[in-house]
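Descriptive structure summary
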Amino acid sequence: MDHFLYRDGALYAEDVPISEIAAAVGTPFYVYSTATLLRHFKLFDDALDGTDHLVCYAMKAASNQAILKTLAQAGAGMDVVSGGEYLRAKAAGVPGDRIVFSGVGKTADEIRTALSGGIRQFNVESEPEMEVINAVALELGVVAPITVRVNPDVDAKTHAKIATGKSENKFGIPIARASEVYAHAASLPGLEVIGIDVHIGSQLTELEPFELAYTKVAELTEKLRAEGHNIRRLDLGGGLGIPYTRSNDAPPLPVEYGALIKKTLGHLDCEIEIEPGRLIAGNAGLMVSKVIYVKSGEGRDFLILDGAMNDLIRPAMYEAHHDIVAVQEPAPGVERQPYDIVGPVCETGDTFAKQRNMPPLKSGDLIAFRSAGAYGAVMASEYNTRPLIPEVLVNGDQFAVIRERPSFDEIINRDTIPSWL
Ligand code: LLP
């Protein structure tokens with residue numbers, strides 16, 4: 001459920017008409033709903049009710065500081081995957097002891113940044129990385145809390161580009177080598193081993209892969225404890241999928257996911273962390289764009305938008321589906337017609353949807369991409385020297401621009417010309 005609903009035929013974000021935001025900030029733009037963000041966070045928090053837990057929002061999904069602050073004020077921790085994300089979370093006011101550092105290639109500088117500023121734990125992905133965290137901790141005279149990310153060799157049954165839990169993927173250490181790697185970690189004086197981490201992929205639409213992975217983590221917990229390790233925290237990653245279409249085959253709910261966690265791991269008396277990103281932000285955001293031209297092609301009509309693949313890359317990159325709706329609903333009974341919906345970038349890949357049934361649209365009409373809050377703005381680029389589009393946050397009847405559209409001067413002046421030119 002989200003808070004982007006029609007009232008008298010006009011699409012609203014909470015209590016603000018989308019057309020009002022468009023008039024104020026211009027198109028294209030991203031708009032997020034505070035109520036939806038908070039609702040989704042609370043679904044996870046409530047799903048783990050009764051267990052010692054922390055929901056660490058995977059901020060890679062949407063990392064604007066206003067979003068981070070909204071969630072942190074509700075009690076969220078953060079899952080970060082770079083020094084930049086760490087600093088951004090800190091800038092948004094998240095305390096270090098609520099920040100978890102994941103990611104397959106943390107550099108010594110990034111590790112230093114996090115250890116100096118305070119960190120809840122590093123999720124270590126390899127033995128070489130473990131050695132570097134140990135060395136930096138010793139250099140700073142601190143002890144780094146760590147979990148080791150294990151790769152359980154489970155098929156997440158999702159898009160190949162976002163599946164991470166199979167043995168051929170670059171993530172984690174093979175679960176079969178865990179004893180050896182934990183013994184190594186325990187021998188390093190700059191590290192304190194506190195738990196186990198696992199993350200098998202994103203946009204999972206079934207619980208079964210989670211169940212397989214978490215059952216393996218439960219077995220490993222008992223094994224490592226028997227080997228003398230004080231395993232007391234389990235980080236279970238993110239990955240629960242969202243409905244991208246309004247059909248019946250919706251993914252499992254957070255409450256069902258929470259029940260599975262309790263069933264598979266509840267007996268171990270561990271603190272539980274989860275790292276959801278998409279489910280919190282995905283359906284809490286729209287990308288709003290304007291039709292520039294309607295062009296008749298050979299046997300098909302194209303809607304040419306002012307938004308493009310550089311603003312929302314998911315359809316081009318993962319063949320992802322986003323529901324696309326007219327901001328002004330058509331009059332009842334108006335017949336829909338198929339359009340190819342495209343951006344103005346000079347690539348055929350800049351196609352959002354083919355033969356999508358839409359109400360008749362004309363130049364100047366506004367349309368909205370649903371489910372664009374996660375992996376939307378954060379994956380945007382300035383390809384074709386198109387400015388990064390603004391982000392807007394709505395809260396009830398108020399809205400605020402939370403990232404401005406840069407001017408062309410700002411973009412162009414970022415280049416520097418060498419002395420020989
Ligand atoms: N934790 C770790 C270690 C991760 O790698 C990820 C996502 C998450 C948590 C959050 O997963 P979520 O709950 O959002 O599924 N750009 C792609 C998605 C990439 C996901 C990468 N890792 C997309 O647009 O579909």
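Further up the page is the structure itself.
Values in this document were obtained by computation on a predicted structure and should not be read as measured data. (Residues numbered from 1 in each chain as written. Predicted model: local features only at pLDDT ≥ 70, side-chain atom pairs only at ≥ 80, totals over all residues. Heavy atoms only, no water.)

**Some thoughts on helix α8 (residues 208-226)**
One full turn of an α-helix is made of 3.6 residues, so residues set three or four places apart face in the same direction. Definition in use: Runs of E in the DSSP output that reach at least two residues are strands. Runs of H or I that reach at least four are helices, and both are numbered from the N terminus. Under the convention used throughout, the expected extent of a helix is 1.5 Å for every residue step, that is, one less than its residue count. With a 1.4 Å probe rolled over the protein chains alone, any residue whose accessible area is under 20% of its type maximum counts as buried; one over 50% counts as exposed, and the rest are partly exposed. In this description, contact between two residues means that some pair of their heavy atoms is separated by no more than 4.5 Å.
When the terminal C-alpha atoms of α8 are compared, their 27 Å separation across 19 residues agrees well with the 27 Å that a helix rising 1.5 Å per residue should span. Buried within α8 are the following residues: P209, F210, A213, Y214, V217, A218, L220, T221 and L224. Structurally, α8 contributes buried residues whose contacts are with β9 (144-151), α7 (178-186), β11 (191-197), β12 (233-235) and α9 (254-265). G228 sits one or two residues past α8 and shows a positive phi near 100 degrees.

**Here's the deal with the sheet that holds strand β2 (residues 10-13)**
Selection criterion: Strands qualify as paired when DSSP identifies two bridges or more between them.
Read from one edge to the other, the open sheet built from three strands follows the order β1-β2-β3, with strand pairing classed as antiparallel. The open sheet terminates on both sides in strands that have one partner only, identified here as β1 (4-7) and β3 (16-17). Across four bridges, β1 lies against β2 in antiparallel orientation. Bridged to L5 within β2 is Y12.

**Digging into the pairing of strand β20 (residues 391-395)**
For β20, a buried count of four out of five residues is recorded, marking the element as mostly surrounded by other parts of the structure. Here β20 folds back onto strand β21 (residues 398-403), and the loop between the two strands holds two residues, one of which, G396, carries a positive phi near 65 degrees.

**A short note on the packing of helix α2 (residues 34-47) against helix α3 (residues 65-73)**
Defined as follows: Note on definitions: angles span 0 to 180 degrees between N-to-C directions of axes, and those axes are lines fitted to C-alpha atoms, for helices only across the stretch in contact. Note on angle classes: values under 35 degrees are labelled roughly parallel, values over 145 roughly antiparallel, values of 65 to 115 roughly perpendicular, and the remainder oblique. Whether a crossing is left-handed or right-handed is set by the direction in which the near helix is turned from the far one by less than a right angle, anticlockwise for left-handed and clockwise for right-handed.
Interhelical geometry of α2 versus α3 gives an angle of 45 degrees and a closest axis separation of 10 Å. Relative to α3, α2 is oriented oblique. Crossing geometry of α2 relative to α3 is assigned as right-handed. Across the interface between the two elements, T34, L37, L38 and F41 from α2 touch I67, T70 and L71 from α3.

**A word on the side chain of K106**
Put simply, the rule reads: Polar contacts, as used here, are pairs of N or O atoms within 3.5 Å; protein pairs need one atom able to donate a hydrogen and one able to accept it. Residues neighboring in sequence count only if both atoms are side-chain atoms.
Here K106 is to be found in the loop between β7 (99-101) and α5 (108-117). Polar contacts involving the side chain of K106 include one to the side chain of E129, which spans 3.0 Å.

**So, unusual backbone geometry**
With an omega dihedral of -10 degrees, the bond running from T27 to P28 counts as a cis peptide bond. Relative to the helices and strands, P28 is located in the loop between α1 (18-25) and β4 (29-33). Of note, E319 is a non-glycine position whose phi angle comes to about 50 degrees, a positive value. Its place among the elements puts E319 in the loop between α11 (314-318) and β16 (324-326).

**Describing the pairing of strand β5 (residues 53-58)**
The test is simple: For a crossover, the right-handed case is the one in which the path from the first strand over the helix to the second runs clockwise, viewed with the strands pointing away from the viewer.
Burial analysis of β5 places six of its six residues in the buried class, the great majority of the element. Alternating residues of β5 divide into H53, V55 and Y57 and L54, C56 and A58, and every residue in both groups is buried. As paired elements, β5 and strand β13 (residues 271-274) share three bridges and run parallel to each other. Across the sheet, V55 pairs through a bridge with I274, a residue of β13. Taken together, the three bridges between β5 and strand β6 (residues 77-80) define a ladder with parallel strand orientation. Opposite Y57, over in β6, you have M78 as the bridge partner. Since β5 and β6 lie parallel, the crossover through α3 that links them has a hand, and here it is right-handed.

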